[in-house]
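Chain by chain, the residues run as shown.
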Amino acid sequence: MSNKVWIRNDQKKIKIPSGIRILVRRTCNATLVNEGITEPCEISVTFVDNDAIKKINTEFRNIESETDVLSFPLGENGQYDKNPETGALMLGDIIISLEKAMEQSQQFGHSFQREVSYLTCHSMLHLLGYDHVNGGIEAMKMREHEEAVMSVLGLSRNATSEIREEG
């Protein structure tokens, strides 16, 4: 399976540590494997700051506040358009505020890498149709799947790792 994860950095507030792009790709792939998706997929991931994600959140969700991650699925009920050139399923767009991810990693006492990976996994599950808004069993199921992926990546809740800046 050959997935394509497009990653774009549209922010300048957080210096991106080495390995973050690779980790985002690994997280996307691990989530797809965990969910039993065998067809090739395409995902777009954009890094932004708090101001940018607040604007997007206000525009698309009518919620005038910053958030950590937004998901824009292209599919519905497990049906996705295919890229006519590659045949890959086009899952959608993930937008992560690296500024918020840094704040939350410090707040929760784990590495920035774990936070970015968790937000990527969380958003991937949204692209695949999961929803936690109403809580209950759906939220629990989503959390179980997130933790399974984080465990596979060696980033379970207590894992920490050093942050190095990319040149």
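Note: the structure precedes this text.
Residues numbered from 1 in each chain as written. Predicted model: local features only at pLDDT ≥ 70, side-chain atom pairs only at ≥ 80, totals over all residues. Heavy atoms only, no water.

(A) Structural context of the sheet that holds strand β3 (residues 69-73). The strand order across the open sheet built from 4 strands is β1-β2-β4-β3, with neighbouring strands paired in mixed fashion. What marks the edges here is a single partner per strand, and that holds for β1 (4-9) and β3. If you compare each strand with its neighbour and ignore which way they point, the axes differ by 15 degrees on average. With 6 bridges connecting them, β1 and strand β2 (residues 41-48) associate as parallel partners. Looking at β2, one finds that W6 is bridged to S44. Its contacts with the sheet put helix α1 (residues 20-34) on β1, β2 and β4 (89-97), and the angle it makes with β1 is roughly 145 degrees. Relative to the sheet, helix α2 (residues 50-61) contacts β2, β3 and β4, its axis offset from that of β3 by approximately 45 degrees. (Pairing = 2+ DSSP bridges. Helix = DSSP H or I, 4+ residues; strand = E, 2+ residues; numbered from the N terminus. Axes fitted to C-alpha atoms, helices over the stretch in contact; angles between N-to-C directions. Contact = heavy atoms within 4.5 Å.)

(B) Up close: α2. For α2, which comprises 12 residues, the first-to-last C-alpha distance of 15 Å matches the rise-based estimate of 16 Å (1.5 Å per residue) to within 8%. Taken together, the buried positions of α2 are N50, I53, I56 and N57. Projected onto a plane normal to the axis of α2, the buried residues spread over an arc of 125 degrees and lie on a single side. Residues K55 and E59 are exposed on α2 and point more than 90 degrees away from its buried face. Buried residues belonging to α2 abut β2, β3, β4 and α3 (98-108). Looking at where α2 begins, the residue whose side-chain oxygen comes 3.2 Å from the main-chain nitrogen of D51 is D49. At the exit of α2 stands N62, carrying a positive phi of roughly 60 degrees. (Expected span 1.5 Å × (residues − 1). Buried < 20%, exposed > 50% of the residue type's maximum accessible area, 1.4 Å probe, protein only. Arc of directions from axis to C-beta. Polar contact = N/O pair within 3.5 Å; in protein donor to acceptor, adjacent residues only side chain to side chain.)

(C) Summary view of helix α4 (residues 112-127). For α4, built from 16 residues, the straight-helix expectation of 22 Å at 1.5 Å per residue is met to within 8% by its first-to-last C-alpha distance of 22 Å. Where burial is concerned, most of α4 is hidden: 16 out of the 16 residues are buried. In the segment just after α4, G129 is the residue with positive phi, at about 105 degrees.

Purely spatial values, then, with no claim about function.
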